[in-house]
Amino acid sequence: MDRKLLDILCCPTTKQPLALLSATELAAVNRAIASGAVARADGSAQSDALGEGLVTHDRRTVYRIDDGIPVLLADEALAVSQVADFPR
């Protein structure tokens with residue numbers, strides 16, 4: 001992801017800055033998705049693994065990146081609280 005774009009992106013709900021998920025964080029999220037433990041904010045299941053993602057500064061919310069495009073829709077956000085082994 002382009003660094004300049006990342007610098008201006010923010011969470012649509014909290015307006016916090018966003019950072020790319022690390023490989024460890026991404027792996028933890030994808031394990032939780034594979035186990036069926038992750039739902040989006042709108043209640044629908046997140047069934048597809050993430051290739052990339054963004055996390056809020058407070059590390060509570062993850063947004064997926066599809067084909068290099070951040071999906072910053074509040075209804076499609078993933079709560080980190082659903083990921084038991086998310087690095088803190």
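Structure's up top.
Residues numbered from 1 in each chain as written. Predicted model: local features only at pLDDT ≥ 70, side-chain atom pairs only at ≥ 80, totals over all residues. Heavy atoms only, no water.

Comments concerning the nonpolar core
Where we set the bar: Think of a nonpolar core as a cluster: buried Ala, Val, Leu, Ile, Met, Phe, Trp, Tyr and Cys residues, connected wherever their side-chain atoms sit within 4.5 Å. Buried, partly exposed and exposed residues are distinguished by accessible area as a fraction of the type maximum, computed with a 1.4 Å probe on protein chains only: under 20%, between the cut-offs, and over 50%, respectively. Every helix listed is a DSSP run of H or I at least four residues long, and every strand listed is a run of E at least two residues long, numbered separately from the N terminus. Every residue pair with non-hydrogen atoms within 4.5 Å of one another is taken to be in contact.
In this structure, Leu 21, Val 29, Leu 50, Val 62, Leu 78, Val 83 and Phe 86 are the most contacted members of the largest nonpolar core, which totals 14 residues. The element that contributes the greatest number of residues to this core is helix α2 (residues 23-34), accounting for five residues. Contacts of Val 29, omitting those with residues within four sequence positions, involve Leu 50, Leu 78, Val 83 and Phe 86. Counting residues in hydrophobic clusters, the runner-up holds eight residues, among them Leu 9, Leu 18, Tyr 63 and Ala 77.

Side note on the environment of Gly 51
Residue placement: Gly 51 occurs in the loop between α2 and β2 (52-56). In sequence terms Gly 51 and Asp 85 are 34 residues apart; their C-alpha atoms lie 18 Å from each other.

Comments concerning the environment of Gln 82
Filter applied, for reference: Pairs of N or O atoms within 3.5 Å make up the polar contacts considered here, provided that, within protein, one atom can donate a hydrogen while the other can accept it, and that residues adjacent in sequence are counted only when both atoms are side-chain atoms.
By secondary structure assignment, the location of Gln 82 is in the segment after β5 (78-79). Sequence separation between Gln 82 and Ala 37 is 45 residues; the distance between their C-alpha atoms is 6.6 Å. If near-sequence neighbours (up to four positions away) are discounted, Gln 82 is found in contact with Ala 32, Ala 37, Val 38 and Ala 39. Among the polar contacts made by the side chain of Gln 82, one reaches the main-chain amide nitrogen of Ala 39 at a distance of 2.7 Å.

Structural notes on the side chain of Arg 64
By the element assignment, Arg 64 lies in strand β3 (residues 61-66). At 2.9 Å, the side chain of Arg 64 forms a polar contact with the side chain of Asp 66. The contact partners of Arg 64, leaving out residues within four places of it in the chain, are Arg 40, Gln 46, Leu 50, Glu 52, Gly 53, Ile 69, Pro 70, Val 71 and Glu 76.

Describing unusual backbone geometry
Positive phi outside glycine occurs at Arg 59, with the angle close to 60°. Residue Asp 67 is not a glycine yet carries a positive backbone phi of 50°. Considering the arrangement of structural elements, one finds Asp 67 in the loop between β3 and β4 (69-70).

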